[in-house]
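# Residue-level structural notes
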Amino acid sequence: MADARRAQLKDRTDISGARALIVEARFYDDIQDALLEGAVAELKSAGVSHDVITVPGALEIPAALAIALDAADSTGRPYDAAVALGCVIRGDTIHFEIVSMESSRALMKLAVARRFPLGNELNKGGDAARAALAMLRIKRRLTRV
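Residues numbered from 1 in each chain as written. Predicted model: local features only at pLDDT ≥ 70, side-chain atom pairs only at ≥ 80, totals over all residues. Heavy atoms only, no water.

### Regarding the pairing of strand β2 (residues 49–55)
We apply this condition: Here, any two strands with at least 2 DSSP bridges between them count as paired. Each helix is a run of DSSP H or I of at least 4 residues and each strand a run of E of at least 2, with the numbering of both proceeding from the N terminus. With its strands directed away from the observer, a crossover is right-handed exactly when the path from the first strand over the helix to the second travels clockwise.
Two elements, strand β1 (residues 19–25) and β2, share 7 bridges in a ladder whose sense is parallel. When the sheet's bridge partners are listed, I22 is paired in β2 with V52. Following the chain from β1 across helix α1 (residues 29–45) to the adjacent parallel β2, one finds a crossover that is right-handed.

Here it is as structure tokens:
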């Protein structure tokens, strides 16, 4: 089986000065450190500032994101994009399937309902941030007034 290759995205819509939120599940610290480092590096290289919210596990990510989006909107400092970072490790029970599928479902529902750029890409922080930035570029390009 061939390794997945990520095509270079050509959209260069200016997103500098945007504000992103990273919601991370701190269940496996060493893995999470690497995910967060990759996401932060991508955001910084794009000129996007960020805040970080830490939650206990992957199931808490969607609720924390929804709470943070509402709070940011109500204070007049809305987020332009978000990155969801979590790691769920497969074990001998169906816990992995429940946690990963329900967390992903809730994140997708939130992103679509709010038309909100969200990156949640496999288990790689940099890829998740790149996905969020790509969606933000699309939103900025298509919703320019």
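### Topic: the sheet that holds β1
How we decide: Contacts are residue-level and defined by heavy atoms, with any inter-residue pair within 4.5 Å sufficient. The angle between two axes is taken between their N-to-C directions and runs from 0 to 180 degrees, where each axis is a line fitted to C-alpha atoms and a helix contributes only its stretch in contact.
Reading across the sheet, the 4 strands line up as β2-β1-β3-β4 and stay open at both edges, with parallel pairing between neighbours. Of all strands in the sheet, those bounded by a partner on one side alone are β2 and β4 (118–119). Bridge analysis of β1 against strand β3 (residues 81–85) gives 5 bridges, and the strand direction is parallel. Bridging across to β3, I22 finds its partner in V83. Each of β1, β2 and β3 touches α1; the most contacted strand, β1, lies at about 175° to it. In this fold helix α2 (residues 61–74) packs onto β1, β2, β3 and β4, with an angle of close to 150° to the strand it touches most, β1.

### Concerning the nonpolar core
Here is the rule: Each nonpolar core is a collection of buried residues, namely Ala, Val, Leu, Ile, Met, Phe, Trp, Tyr and Cys, held together in the definition by side-chain atoms within 4.5 Å. Burial classification: accessible surface area is computed with a 1.4 Å probe over protein chains only, and a residue below 20% of its type maximum counts as buried, one above 50% as exposed, and the rest as partly exposed.
If you look at the biggest cluster of nonpolar residues, it comprises 21 residues, and the most contacted ones within it are L21, V23, I61, L65 and L118. Contributing elements (two or more residues each) for this core: β1, α2, β3 and α3 (95–114). If one sorts the elements of this core by residue count, α2 sits on top with 7 residues. Discounting residues that sit within four places of it in the chain, V23 has contacts with I53, V55, I61, A64, L65, V83, A84 and L85. Judged by nonpolar contacts, the second largest core, of 19 residues, contains I15, A81, A128 and L133.

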